[in-house]
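# A structural walkthrough
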Amino acid sequence: MKPYYADYVNHILRFYFRYNKNKGFKNDVDKTNYIAADKVVQRLTDGEKSVLGTVFTEDNTNLGECVSLASRLHAWEVQQIWTLISTVTVKIAKERRLL
């Protein structure tokens, strides 16, 4: 069963990896979400950042298909990517005080 905060944190991650922070933020929520994601993502390895970047910058909204693509491109096992996403999701949820 997917945690209640998963879709919201996935939205935060898509925003984080797609957004050009030099443009400024439209509102305080976007800024707070970006900062929370940044705190977590900056503690990851370059390889982990790259895999997540591939997953969350794809135009496809089917997360499973994005994970499969990232698996092929980065030579990671699909389960490794899901584990990474789950770990990062929990950390961002805690940063945003959703947990």
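As a starting point, this report considers the structure included with it. Since the structure is predicted, the reported quantities are computational estimates derived from the model, not experimental observations. (Residues numbered from 1 in each chain as written. Predicted model: local features only at pLDDT ≥ 70, side-chain atom pairs only at ≥ 80, totals over all residues. Heavy atoms only, no water.)

What follows concerns the nonpolar core. Among the nonpolar cores identified, the biggest contains 26 residues, and Val55, Val88 and Ile92 are the most heavily contacted of them. Of all elements in the fold, only helix H1 (6-18), helix H2 (28-41), helix H3 (46-57), helix H4 (63-74) and helix H5 (78-95) reach the threshold of two or more residues within this core. The element best represented in this core is H5, accounting for six residues. Setting aside its immediate chain neighbours within four residues, valine 88 contacts Leu13, Val40, Leu44 and Leu52. (Core = buried A, V, L, I, M, F, W, Y, C linked by side-chain atoms within 4.5 Å. Buried < 20%, exposed > 50% of the residue type's maximum accessible area, 1.4 Å probe, protein only. Helix = DSSP H or I, 4+ residues; strand = E, 2+ residues; numbered from the N terminus. Contact = heavy atoms within 4.5 Å.)

Applying the stated criterion across every chain, the model contains three salt bridges. The shortest N-O distance in the salt bridge between aspartate 7 and lysine 2 comes to 2.9 Å. One continuous salt-bridge network, built from bridges that share partners, spans Lys39, Arg43 and Glu95. (Salt bridge = Lys/Arg side-chain N within 4 Å of Asp/Glu carboxyl O.)

On to the packing of aromatic side chains. On inspection of all chains with the given rule, the structure shows nine aromatic pairs. Plain terms: the ring middles of tyrosine 16 and tyrosine 34 are 4.8 Å apart, the flat faces sit at 40° to each other, and that makes the pair tilted. Of this pair, tyrosine 16 sits in helix H1 while tyrosine 34 sits in helix H2, and the two are 18 residues apart along the sequence. Pair check on accessibility: tyrosine 16 and tyrosine 34 agree, each one buried. (Phe/Tyr/Trp six-rings, centres within 6.5 Å; stacked < 30°, edge-to-face > 60°.)

Within this model, the largest pocket holds a volume of roughly 170 Å³. Lys2, Pro3, Tyr5, Ala6, Asp7, Asn10, Leu63, Trp82, Ile85, Ser86, Thr89 and Val90 together form the lining of the largest pocket. Contributing elements (two or more residues each) for the lining of the largest pocket: H1 and H5. In terms of residue count, the dominant contributor to the lining of the largest pocket is H5 (five residues). Its residues placed into classes, the lining of the largest pocket shows seven nonpolar, three polar and two charged. (1 Å grid on protein atoms, 1.4 Å probe; cavity = no way out; pocket = protein on both sides within 12 Å on 5 of 7 lines; lining within 4 Å. Points joined across faces, edges and corners; volume = space filled by probe spheres on them. Nonpolar A, V, L, I, M, F, W, Y, C, P; charged D, E, K, R; others polar.)

Here H1 crosses H3 at 105°, and the two axes come no closer than 9 Å. With respect to their mutual orientation, H1 and H3 come out roughly perpendicular. Facing Asn10, Leu13, Arg14, Phe17 and Arg18 of H1, the residues of H3 in contact are Lys49, Leu52, Gly53, Phe56 and Thr57. Its residues assigned to classes, the contact of H1 with H3 comprises four nonpolar, three polar and three charged. (Axes fitted to C-alpha atoms, helices over the stretch in contact; angles between N-to-C directions. Parallel < 35°, antiparallel > 145°, perpendicular 65-115°, else oblique.)

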